[in-house]
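# Chain and residue survey
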Amino acid sequence: MKTQIFYFSATGNSLKVARDLALALGGAQILSIPKVIDKELDLSADCIGLVYPVYMFGMPLVVSRFIARLKAAPGKYFFSVATCGGKAGLTLKQNQKIMQEYGLKLSAGFIVKMPGNYTPLYGALPPEKQAELFRKEEERVKYIASLIKDKSSARIESDMFLFGWLFSLIYKIASPKIPVLDKDFYADNKCDSCGVCVKVCPVRNIELFEGKPKWFHKCEQCFACLHWCPQKAIQYGKSTAGRTRYHHPEIKVQDIAI
Ligand SMILES: Cc1cc2nc3c(=O)[nH]c(=O)nc-3n(C[C@H](O)[C@H](O)[C@H](O)COP(=O)(O)O)c2cc1C
């Protein structure tokens, strides 16, 4: 069975899941959504998967846009894996609905819990708690792979049975504003103009202007710029200055750079 996995990842959790899944499936082509979204696509695999983080209880905008590219491959076995730091809500149901609009069927959707990376609310988890999540992730991915190998029509998972609709409403209200939420990013005086923020931005939303990053309001709110800044100079609003940054320990900045 030929499998393609399209992933979006800012701090490496979703890339790690994509890699582990490819391994557990006995091989798969792994492609970065930001790198291929505007390119010609070879969708010849029988089985096509999406792996991405949950943002505000919904899908990253770039992943929703990418689904339009898959309409060229109806009738395939599609699966998705949403990585999240706490609750995914109805993210995978949203994924299923968008696919339906393009005449595609999401056959299985899985949630994988990983360390959270939303620094405006919290810093990185302590290493022992991260290690525990990584151990569970590896087990869970093996189970997910066993279902995908059988092309199972597994459940489209959700983890907020009673209040899912409320969190979907939060996403509905917040998501149109995501591109301009970059107005709260800035570089403090630790910035040494290295340009890593420019390289890791998945949508080329950052340029250096007089040696300092400038954001151009087509943000995905992925926080790659903040987490990968070697000087920890990028801040968001007032709360991030003293907080620890995060990236998956097996993923390097070169893996994320566009
Ligand atoms: C803007 C933003 C919003 C987020 N919203 C949620 C959320 O609603 N629920 C959740 O469980 N995690 C949320 N997270 C955490 C990420 O989904 C989680 O850490 C994910 O595994 C990161 O994946 P990555 O390392 O591949 O970028 C959010 C992170 C960011 C940056």
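Here is what the cut-offs are and how they apply
- Residues numbered from 1 in each chain as written.
- Predicted model: local features only at pLDDT ≥ 70, side-chain atom pairs only at ≥ 80, totals over all residues.
- Heavy atoms only, no water.
- Helix = DSSP H or I, 4+ residues; strand = E, 2+ residues; numbered from the N terminus.
- Buried < 20%, exposed > 50% of the residue type's maximum accessible area, 1.4 Å probe, protein only.
- Polar contact = N/O pair within 3.5 Å; in protein donor to acceptor, adjacent residues only side chain to side chain.
- Contact = heavy atoms within 4.5 Å.
- Domains from an automatic or database assignment.
- Buried area = accessible area lost by both parts, 1.4 Å probe.
- Salt bridge = Lys/Arg side-chain N within 4 Å of Asp/Glu carboxyl O.

### Some remarks on the side chain of Asn13
Tracing the sequence through the fold places Asn13 in helix H1 (residues 13-24). What makes Asn13 buried here is its relative accessible area of 6%. A polar contact is formed between the side chain of Asn13 and the side chain of Tyr246, at a distance of 2.5 Å. Apart from the residues within four sequence positions on either side, Asn13 is in contact with Thr83, Met114, Pro115, Tyr246 and His248.

### Remarks on the domain arrangement of the protein
Many structure descriptions define interface size as the accessible area lost when the parts assemble. According to the domain assignment, the protein consists of domain 1 (3-170) and domain 2 (177-256). Once you take the C-alpha centre of each, domain 1 and domain 2 turn out to be 23 Å apart. With 30 residues of domain 1 at the contact, the number on the domain 2 side is 27 residues. Across the domain 1/domain 2 interface, buried area totals approximately 2,300 Å², and carbon plus sulfur atoms make up 62% of it. We note a salt bridge from Asp255 to Arg19, for which the minimum N-O separation is 3.3 Å. For the pair domain 1 and domain 2, the number of links is 14 residue pairs in polar contact (both at pLDDT 80 or more). By residue number, the principal contributor to the side of domain 1 that touches domain 2 is H1, which donates 4 residues.

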